[in-house]
Amino acid sequence: CGTYPRCRRWQISRKHSRRFQALRSKWSEPLPPPESGIPEFGGPNVQNVFQRSGFALLFAALLSIPCYASTIYTLTLNGSQEVPPTTSTATGTADITLSGNLLDVMVTFSGLAAPTTASHIHCCAPMGTGAGIAVPLTSLPLGVTSGSFTQSFDLLTSSIYSAAFLSANGGTAAGAEAALLAGLNSSMAYINIHTTAHPGGEISGYDSLSASAVPEPSTFLLGASMLAGIIALKKSR
């Protein structure tokens, strides 16, 4: 077709079309296998790497969970355990739960002869002998003859202890905590409730260890969830 413009454009277009077809054929060819030691992205090698990494991370996280346990002390309050004993027919119960450095106190009482004025944890002396105030229970409802209350304490906070108890145990919260826990563990601590009729205390109760090393629910559930994840991951491999 010589140099005729329209024919010339057709030759160029055809030439470009052949090049495009050649490139298209080359692109459609399967990729060569990866070199040894280099995993194909998305292939089984990479999947194994991710699975192993995930297993290791989950296992490390499970090991890092703080496995605090709770120790529970129970107390039965009555007039006969007061020092000196009273003739009160009132009764009460208390649970003291220790989790790490946290102390939770729950008290229920009824039938007091007169309205309440104060309540404390006393420590540390054998049953039948009085002990000084260790921790004031300021959540006690005042002016009642029956009721209940709860209170939580951080045992590493100096202000929760009476000045006398803190001073007698080195002047530090750590020293006071150690003394209080030693008293609880040896049944040398008690809770009493004071009333207007019995200023020195109407009912009292020494502690006894009722349960120990009870896993915290949140810690148990988290650990169980991670363990289930590890098992599922292993099954998928």
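Position numbers for residues start from 1 in each chain and track the written sequence from start to end. Residues qualify for local features only when their pLDDT is at least 70, as the model is predicted, and side-chain atom pairs are given and counted only at 80 or more; totals for whole chains, interfaces and linings, by contrast, use all residues. Excluding hydrogens and water, the side-chain values take into account all heavy atoms of the structure.

Student: Can you walk me through the overall build of the chain in this structure?
Tutor: Put simply, DSSP H or I for four residues or longer makes a helix, DSSP E for two residues or longer makes a strand, and each gets a number counted from the N terminus. A tally of helices and strands in the chain yields five helices and eight strands. Exposure is judged per residue with a 1.4 Å probe applied to protein chains only, and the accessible area is read against the type maximum: over 50% gives exposed, under 20% gives buried, and values in between give partly exposed. The burial tally for the chain puts 32% of its 237 residues in the buried class. What makes two residues a contact is simply this: any of their non-hydrogen atoms within 4.5 Å. Long-range pairs, those at least 24 residues apart, make up 64% of the contacts in the chain with a sequence separation of at least 6. Reported accessibility uses the Shrake-Rupley method at a 1.4 Å probe radius. Residues are deemed covered only where the shown protein chains occlude them. When the accessible area of the chain is evaluated, it comes to approximately 14100 Å², of which 62% is carbon and sulfur surface.

Student: Just to check I follow, could you spell out the side chain of glutamate 82 for this structure?
Tutor: Tracing the sequence through the fold places glutamate 82 in the loop between β1 (69-77) and β2 (91-99). Under this definition, polar contacts are N or O atom pairs within 3.5 Å; protein pairs additionally need one hydrogen-donor-capable and one acceptor-capable atom, and for neighbouring residues in sequence, both atoms have to be side-chain atoms. In this structure the side chain of glutamate 82 is engaged in a polar contact, spanning 3.4 Å, whose partner is the side chain of asparagine 192. Leave out the neighbours within four places in its chain, and glutamate 82 touches Asn192, Gly200, Gly201, Glu202, Ile203 and Ser204.

Student: I keep staring at the environment of threonine 157 and nothing clicks. Help me out?
Tutor: Topologically, threonine 157 is positioned in the loop between β6 (147-154) and α3 (163-168). Sequence spacing of threonine 157 and alanine 173 is 16 residues, and the spatial spacing of their C-alpha atoms is 5.9 Å.

Student: I keep staring at the state of the cysteines and nothing clicks. Help me out?
Tutor: Covalent bonding between the sulfur atoms of two cysteines is what defines a disulfide. Defined by distance alone, a disulfide is two cysteine sulfur atoms within 2.5 Å. Per the stated rule, a full pass over the model turns up one disulfide. Disulfide partner of cysteine 123: cysteine 124, at an S-S distance of 1.8 Å. Here the S-S torsion is close to 85°, and the disulfide linking cysteine 123 with cysteine 124 is therefore right-handed. The exposure class assigned to cysteine 124 is partly exposed, which follows from its relative accessible area of 34%.

Student: It is not clear to me how the nonpolar core should be interpreted in this structure. Could you clarify?
Tutor: If you look at soluble globular proteins, the nonpolar side chains tend to sit buried side by side. Put simply, buried Ala, Val, Leu, Ile, Met, Phe, Trp, Tyr and Cys residues joined by side-chain atoms within 4.5 Å make one nonpolar core. Of all hydrophobic cores here, the largest spans 35 residues; its most connected members are Leu103, Tyr161, Leu180 and Ile191. With six residues, the top contributor of residues to this core is helix α4 (residues 173-185). Residue contacts for tyrosine 161: discarding those within four places in its chain leaves Ala134, Val135, Pro136, Leu155, Leu166, Ala173, Ala176, Glu177 and Leu180.

Student: Which parts of the structure should I look at to understand the packing of aromatic side chains?
Tutor: Two aromatic rings, taken as a pair, are described by how far apart their centres are and by the angle between their planes. Put simply, two rings from Phe, Tyr or Trp (the six-membered ring, in Trp's case) pair if the centres are within 6.5 Å, and we call them stacked under 30 degrees between planes, edge-to-face over 60, tilted for the rest. Applying the stated rule across the entire model yields two aromatic pairs. With centroids separated by 4.8 Å and ring planes inclined at 40°, the aromatic side chains of tyrosine 190 and tyrosine 206 adopt a geometry described as tilted. Taken as a pair, tyrosine 190 in strand β7 (residues 189-195) and tyrosine 206 in strand β8 (residues 203-215) lie far apart in primary sequence, 16 residues in all. We note that tyrosine 190, like tyrosine 206, is buried.

Student: What's the story with the pairing of β7 in this structure? I'm lost.
Tutor: Consecutive side chains of a regular strand alternate in pointing toward one face of the sheet and then the other. Across the seven residues of β7, seven count as buried, placing the element largely inside the fold. The alternating pattern of β7 places Ala189, Ile191, Ile193 and Thr195 on one face and Tyr190, Asn192 and His194 on the opposite face, and all of these are buried. Pairing of strand β4 (residues 116-123) with β7 involves seven bridges; the strand directions are antiparallel. Paired with histidine 122 across the two strands is tyrosine 190, which belongs to β7. Pairing between two strands is assigned when DSSP locates at least 2 bridges connecting them.

Student: What should I look at first to understand the pairing of β4 in this one?
Tutor: Across the eight residues that make up β4, a large majority, six, are buried. In this sheet, strand β5 (residues 133-136) lies alongside β4 in antiparallel orientation, the contact comprising three bridges. Across the sheet, residue histidine 120 finds its bridge partner in β5, namely proline 136.

Student: Would you explain the environment of glutamate 82 in this entry?
Tutor: With a relative accessible area of 5%, glutamate 82 lands in the buried category. Sequence separation between glutamate 82 and tyrosine 206 is 124 residues; the distance between their C-alpha atoms is 9.6 Å.

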